[in-house]
Amino acid sequence: MTTGDGTVEPSADGGGTSAQRAGRAAWVVVPAVAAGLWLLSGALAVAVTWNGVLPASVNAVLPQTLPFSPAVHPWSWSLTTTVLAALVVALVVRLVVPLTGRAGDRSVRFVVAWFAVVLAGAAAGLAVDVAAIVGALPAPRLRMLLDGLGTNATVGAWWGVVQGWLPALVVLRRAAVPVPLSGQRVPDEPGTRTPARRRRAVLVAVAVVAAAAVVTTGALGQRAARVTSAQEAARAEGADPEQGALPDPYAEGTPVPTRDPAGDPDRDPSWCTEDRAMLLLGDPGAATGHRSQTIRFMNHSDAPCVVEGYPDVAFADQNGNELAVTVEHGGSFLAEDPGYAQFELPAGASAVTTLGWDAGATSDALVARTMYAAPFATDERGSWPVEYDIVAGSVVHVTAWALEPPQPTAAP
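No experiment lies behind these values; they were computed from the predicted model shown.

> Teacher, can you tell me more about the overall build of the protein chain here?
Scanning the protein chain from terminus to terminus reveals 6 helices and 11 strands. Residue pairs in contact within the protein chain that sit at least 24 positions apart in sequence constitute 75% of those at least 6 positions apart. As displayed, the protein chain offers around 21100 Å² of accessible surface, 61% of which is attributable to carbon and sulfur atoms.

So, in structure tokens, the structure goes:
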């Protein structure tokens, strides 16, 4: 039969002439052969390049079409994306190859079928490109948003150029559906035009859904691979899930502010500033179920400066996000609070404060992996890598600055 746009399409009920049945079979076989070749070619390319059997230049004739690498885990996402991309290839070929029914010349039918494979490879590759872009969001810079767009589409199109003639041969081996002579039109069979259009609309819809599925699974797979890579690296460095959840690059949260948002930037110039004094991480302490950590503030200048009140403290978890911890001024089980005071810190002397908290349950939890501190809430915070059993919801008590007693000198 002839559809409304003049494309010759065999009846769906299995009837028609032998030529029509052969044409219908070709339109099923060609997409299947194209999808199978897409998978086979890509698998061979991955195998020979991954094992180093052949140089990477073999991709000129054996394009690496598959969005899959043995080194990227988990495999489930990339294998799913690969199968869906092959489905896109088959659907696009199925949509375009019926155009061969308009041509009476064998060579023209062959070229049209070949072009259908080229277009299908480009479409599948483009879906993989979009998946890579979505998986990398948010882009570090706006100009980098579309980086990589067209990379896999070009590979897919080249695969169609290099190997697309193989599925196209199927068209030549099948009898062509008769086409009307110039100026004539084959009359439509009653009630067949609408079903043909409907089938084409369904194919278009399924192809769009398949392409969207490639984008979705590809993006999710890219994110899953990044998480797996980060966690494997953490394990290699000795991370233990019993001591805190493994890092997740996509964990939601906000970084620790460089300054206390509630701090007053105005202060007396006689106070100790970063060019006069510096913070030093002191000694940790522990008792059953309790922890402590001292911080020293040493005046390394030639003149005294003023210290007042309490330090500013915050924590980041293993994902680099601010840990939800309550910091309270006062003493703890292991340290008494001397109370708010202002005093002069002599040159070469140190002030000391003590942090105290109760040990938290760290198994698969967000825990403190970076401590941020400033001598006063007005100052910029510095940081140290730490491994504390401070978890989300913990309360950390901080004592006021106090002049550290002079250290006894060793007897000669």
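> Explanation requested: the pairing of strand S4 (residues 312–316) in the structure shown.
Strand residues, when the strand is regular, have side chains that alternate between the two faces of the sheet. Of all 5 residues making up S4, 5 are buried, and the element is well covered by its neighbours. Across the two faces of S4 the burial is the same, with Asp-312, Ala-314 and Ala-316 and Val-313 and Phe-315 all buried. As paired strands, S4 and strand S8 (residues 370–374) are joined by 5 bridges and run antiparallel to one another. Bridge assignment links Phe-315 to a residue of S8, and that residue is Met-371.

> How should the packing of aromatic side chains be read in this particular structure?
Aromatic rings in a pair are described by how distant their centres are and how their planes are angled relative to each other. One pass over the full model with this rule turns up 7 aromatic pairs. The interplanar angle of 85° and the centroid separation of 5.9 Å between the aromatic rings of Phe-297 and Phe-376 together place this pair among those described as edge-to-face. Taken as a pair, Phe-297 in strand S2 (residues 290–299) and Phe-376 in the loop between S8 and strand S9 (382–385) lie far apart in primary sequence, 79 residues in all. There is no split in this pair, since Phe-297 and Phe-376 are both buried. A network of ring pairs unites the aromatic residues Trp-271, Phe-297, Phe-376 and Trp-401 as a single cluster. Note that Arg-226 overlies the ring of Tyr-250, its terminal NZ or CZ placed 5.2 Å from the centroid.

> How should the nonpolar core be read in this particular structure?
Within soluble globular proteins, side chains that are nonpolar generally end up buried alongside one another. Residues Trp-38, Val-89, Val-93, Val-97 and Val-214 are the most contacted members of the largest nonpolar core, which totals 36 residues. Counting residues per element, this core draws most heavily on helix H2 (residues 75–96), at 10 residues. Judged by nonpolar contacts, the second largest core, of 30 residues, contains Ala-277, Val-306, Val-307 and Val-386.

> How should the pattern of salt bridges be read in this particular structure?
Side chains that differ in sign of charge can pair as their charged atoms come close. If you walk through the whole model with that rule in mind, you get 3 salt bridges. Arg-291 is the salt-bridge partner of Asp-389, the closest N and O atoms lying 3.0 Å from each other. Highlighted residues: Asp-389 in the loop between S9 and strand S10 (395–398) and Arg-291 in strand S2, separated in sequence by 98 residues. When the shortest N-O distance is used, the salt bridge between Arg-296 and Glu-404 registers 2.6 Å. Taken as a pair, Arg-296 in strand S2 and Glu-404 in the segment after strand S11 (402–403) lie far apart in primary sequence, 108 residues in all.

> Please clarify how the side chain of Asp-129 should be interpreted in this entry.
If you trace the backbone, Asp-129 turns up in helix H3 (residues 106–135). We note that Asp-129 is buried and unpaired, the nearest opposite charge coming from Arg-223 at a distance of 16 Å. In terms of polar contacts, Asp-129 uses its side chain to reach the backbone amide nitrogen of Thr-151, at 3.2 Å. With residues near it in sequence (within four places) discarded, Asp-129 still touches Gly-148, Leu-149, Gly-150, Thr-151, Asn-152 and Ala-153.

> Would you mind showing me how to read unusual backbone geometry here?
The phi dihedral of Asp-364 falls on the positive side, at around 55°, and the residue is not glycine. Along the chain, the position of Asp-364 falls in the loop between strand S7 (350–358) and S8.

> Looking at this structure, how should I read the side chain of Thr-362?
With respect to the element layout, Thr-362 can be found in the loop between S7 and S8. A relative accessible area of 11% places Thr-362 in the buried class. With near-sequence residues (within four places) excluded, Thr-362 lies in contact with Pro-241, Glu-242, Gln-243, Gly-244, Ala-245, Val-367, Asp-389 and Val-391.

> Explain the sheet that holds S9 to me, please; I cannot follow it from the model alone.
Here we have 3 strands laid out as an open sheet, ordered S4-S8-S9, and antiparallel in their pairing. Looking along the sheet, the strands with just one partner apiece sit at the ends: S4 and S9. Across this sheet, the average inter-strand angle for adjacent strands is 25°, counted without regard to direction.

> In this structure, what is going on with the confidence of the model for the protein chain? I would like to understand it.
Caution applies to low-pLDDT regions: their predicted coordinates should not be interpreted in detail. The share of residues in the protein chain with pLDDT of 70 or more is 86%, and the mean pLDDT across the chain is 85. Looking across the protein chain, the model is least confident in helix H1 (residues 18–50), with a mean pLDDT of 79, and most confident in S10, with 98. Confidence over residues 175–190 falls short of pLDDT 50; this stretch has 30 contacts with residues more than four positions distant or in other chains.

Cut-offs used in this document
- Residues numbered from 1 in each chain as written.
- Predicted model: local features only at pLDDT ≥ 70, side-chain atom pairs only at ≥ 80, totals over all residues.
- Heavy atoms only, no water.
- Helix = DSSP H or I, 4+ residues; strand = E, 2+ residues; numbered from the N terminus.
- Contact = heavy atoms within 4.5 Å.
- Areas by Shrake-Rupley, 256 points an atom, 1.4 Å probe, with all protein chains shown as cover.
- Buried < 20%, exposed > 50% of the residue type's maximum accessible area, 1.4 Å probe, protein only.
- Pairing = 2+ DSSP bridges.
- Phe/Tyr/Trp six-rings, centres within 6.5 Å; stacked < 30°, edge-to-face > 60°.
- Lys NZ or Arg CZ within 6 Å of the ring centre and 35° of its normal.
- Core = buried A, V, L, I, M, F, W, Y, C linked by side-chain atoms within 4.5 Å.
- Salt bridge = Lys/Arg side-chain N within 4 Å of Asp/Glu carboxyl O.
- Lys, Arg positive; Asp, Glu negative; His and termini not counted.
- Polar contact = N/O pair within 3.5 Å; in protein donor to acceptor, adjacent residues only side chain to side chain.
- Axes fitted to C-alpha atoms, helices over the stretch in contact; angles between N-to-C directions.
- pLDDT = per-residue confidence, 0-100.

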